[in-house]
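The chain contents come next:
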Amino acid sequence: MAEPPFRLLFTGARAATDRTVIVCALADEAAKLQPVEGRRPIVLVHGGSVDRKGNPVGADWIADDIWRGWGRQWPDRFLEPEVHPAKDHSTPLARNDHMVGLGADACCAVASAFASGTGHCARAARAADIPTQDYGWPTERRIARQSAPKPDPQPTLGTTPAG
């Protein structure tokens, strides 16, 4: 019996539109999951973000489009994406918990802010011991705190503050 496909959880901001960042994130994670020998196919798992009118929007659908394009070229490596719309759950955060609960071999996050659904999903994945990589705003608590602007150092004797 063949091994099950790798599962790559993708979480991205609705405001994210930089296709190059998303291509790089997906290519990087796919390369980590598929060593040159013994390749297993990968399924992309995402939440299918939509705007208030229900129209597909943001990084999830950009990733979906890229993945489907790769799947047309290499159908034995890039399987049909698995989409988990928030409308099928009580809240978008519940949807994120559901996707994480299904398990994944890796997670890539393209966040535009720490306090976001994308950040929530990435932190939930880390808590579930799913290797998670940020390709945008940092979603790890310790890194986000370290990224905060630091106050200017106090002048020491013999120096004058910049004016």
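Shown above is the structure to which this text applies.
In this text the structure is predicted, and so the values were computed from the model without any measurement.

Peer 1: Sorry if this is basic, but what is going on with the side chain of His84 here?
Peer 2: The residue His84 is located in the loop between β3 (78-83) and α3 (92-101) in this model. Beyond its immediate sequence surroundings of up to four residues, His84 is in contact with Val45, His46, Gly47, Arg95, His98, Met99 and Leu102.

Peer 1: What exactly am I supposed to notice about the packing of helix α1 (residues 19-33) against helix α2 (residues 59-73) here?
Peer 2: Helix-helix packing: each pair is described by the crossing angle between the helix axes and the interaxial distance. One can describe the packing of α1 onto α2 by two numbers: an axis separation of 10 Å at closest approach and a directional angle of 60 degrees. Looking at the two axes, α1 sits oblique to α2. The element α1 and its partner α2 pack so that their crossing is right-handed. Across from Arg19, Ile22, Val23, Leu26 and Ala27 in α1, the residues of α2 making contact are Ala59, Ile62, Ala63, Asp65, Ile66, Trp67 and Trp70. Class assignment of the residues belonging to the contact of α1 with α2 gives a composition of 10 nonpolar, no polar and 2 charged.

Peer 1: Can you walk me through the nonpolar core in this structure?
Peer 2: Among soluble globular proteins, nonpolar side chains are generally buried collectively. By size, the foremost hydrophobic cluster in this structure holds 23 residues, and its most contacted members are Leu8, Phe10, Ile22, Leu26 and Trp67. Breaking this core down by element, the ones donating at least two residues are β1 (6-12), α1, β2 (42-46), α2 and β4 (106-110). By residue number, the principal contributor to this core is α2, which donates 6 residues. Those residues in contact with Leu8 that lie beyond four places of it in its chain are Leu26, Glu29, Leu33, Ile42, Val43, Leu44, Val45, Trp67, Ala106, Cys107 and Cys108. Formed by 11 residues, the second largest nonpolar core is a distinct cluster that contains Val43, Val45, Met99 and Ala125.

Peer 1: What is the right way to look at the pattern of salt bridges in this model?
Peer 2: A side chain with one charge may pair with a side chain of the opposite charge, provided their charged atoms come close. Across all of its chains, the model carries 10 salt bridges by this definition. For Asp28, the salt bridge identified is with Lys32, shortest N-O distance 3.7 Å. Residue Asp28 and its partner Lys32 are located together in helix α1, separated by 4 residues, close to a single helical turn. Between Arg68 and Asp64 there is a salt bridge whose closest N-O contact spans 2.4 Å. Residue Arg68 and its partner Asp64 are both found in helix α2; the two are separated by 4 residues, about one turn of the helix. Look at the salt bridges and you will find they share partners, linking Asp28, Glu29 and Lys32 into a network.

How each quantity is defined
Residues numbered from 1 in each chain as written. Predicted model: local features only at pLDDT ≥ 70, side-chain atom pairs only at ≥ 80, totals over all residues. Heavy atoms only, no water. Helix = DSSP H or I, 4+ residues; strand = E, 2+ residues; numbered from the N terminus. Contact = heavy atoms within 4.5 Å. Axes fitted to C-alpha atoms, helices over the stretch in contact; angles between N-to-C directions. Parallel < 35°, antiparallel > 145°, perpendicular 65-115°, else oblique. Left-handed = near helix turned anticlockwise from the far one by under 90°. Nonpolar A, V, L, I, M, F, W, Y, C, P; charged D, E, K, R; others polar. Core = buried A, V, L, I, M, F, W, Y, C linked by side-chain atoms within 4.5 Å. Buried < 20%, exposed > 50% of the residue type's maximum accessible area, 1.4 Å probe, protein only. Salt bridge = Lys/Arg side-chain N within 4 Å of Asp/Glu carboxyl O.

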